[in-house]
Amino acid sequence: MSENIKTFNLKEGAFPIRMNLLLEDIDLENIGRLKNSVCGNIVISLISKDLFRCEGSINTVFIDNCQSCLKDIEVSLNFKCNLVLKDEALMMDDDSNQDQTHYQNLEYFDVKQLIQEEISLNYPNIVKCEEDCLEIEPIKKEEKNLPFKKIRDLID
Ligand SMILES: [Zn+2]
């Protein structure tokens with residue numbers, strides 16, 4: 001199952017290209033760790049010469065820490081993507097930004113890179129166990145080092 005997804009030359013593809021992908025690891029920093037594989041169902045179609053569209057959905061679950069109380073929580077990602085694919089050589093002189101565009105070297109197209117970029121764009125900026133976790137009663141630094149203080153308070 002951990003078969004590597006190799007790059008391919010998108011410019012020589014037969015369209016549409018349908019892919020059901022399972023990624024078991026990703027190389028993204030500063031987000032949670034994968035709980036299961038990343039499932040991607042995508043279709044790449046040809047719009048015109050050297051211009052492609054990628055549509056599909058990406059599902060996965062991460063384990064992350066609530067940024068307030070540090071408790072482990074699950075972050076489910078389940079989103080659709082609809083992107084225009086262009087060669088990275090066109091990035092500099094591209095002034096059309098009507099669609100979301102993903103740039104890559106299309107002769108060595110790496111679908112994992114595309115999926116990782118989409119995950120990082122869709123990953124929530126704020127990760128909390130509850131929307132108002134600790135906002136009502138912020139933890140003081142001293143209390144963190146006294147795990148039994150709360151219990152003692154309850155007994156009192
Ligand atoms: Zn929390």
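Colleague: Please provide a residue-by-residue account of the environment of Phe52, values included.
Modeller: Turning to its location among the elements, Phe52 is positioned in strand β4 (residues 51-65). With 23 C-beta atoms packed within 10 Å, Phe52 lands in the buried category. Along the primary structure Phe52 and Leu106 are separated by 54 residues, whereas in three dimensions their C-alpha atoms are 9.7 Å apart.

Colleague: An account of the pairing of strand β5 (residues 72-87) is requested, with residue identities and associated values reported.
Modeller: Judged from the 15 bridges that link them, β4 and β5 form a sheet pairing that is antiparallel. Paired with Ser57 across the bridge in β5 is Lys80. Where β5 and strand β6 (residues 101-104) come together, 4 bridges link them in parallel fashion. Looking at β6, one finds that Lys86 is bridged to Tyr103.

Colleague: Mind laying out unusual backbone geometry, listing which residues take part and the relevant values?
Modeller: Residue Pro16 follows Phe15 across a cis peptide bond; omega there is -5°. Mapped onto the elements, Pro16 comes out in the segment before β1 (17-23). One non-glycine residue with positive phi stands out, namely Asn30, at about 65°. As for its position among the elements, Asn30 is in the loop between β1 and β2 (33-34). Since 6 C-beta atoms lie within 10 Å of it, Asn30 is described here as exposed. With a phi close to 70°, Leu70 is a non-glycine residue in the positive phi region. Inspection of the secondary structure assignment puts Leu70 in the loop between β4 and β5.

Thresholds, definitions, all that
Residues numbered from 1 in each chain as written. Predicted model: local features only at pLDDT ≥ 70, side-chain atom pairs only at ≥ 80, totals over all residues. Helix = DSSP H or I, 4+ residues; strand = E, 2+ residues; numbered from the N terminus. Buried ≥ 20, exposed ≤ 12 C-beta atoms within 10 Å, placed from the backbone. Pairing = 2+ DSSP bridges.

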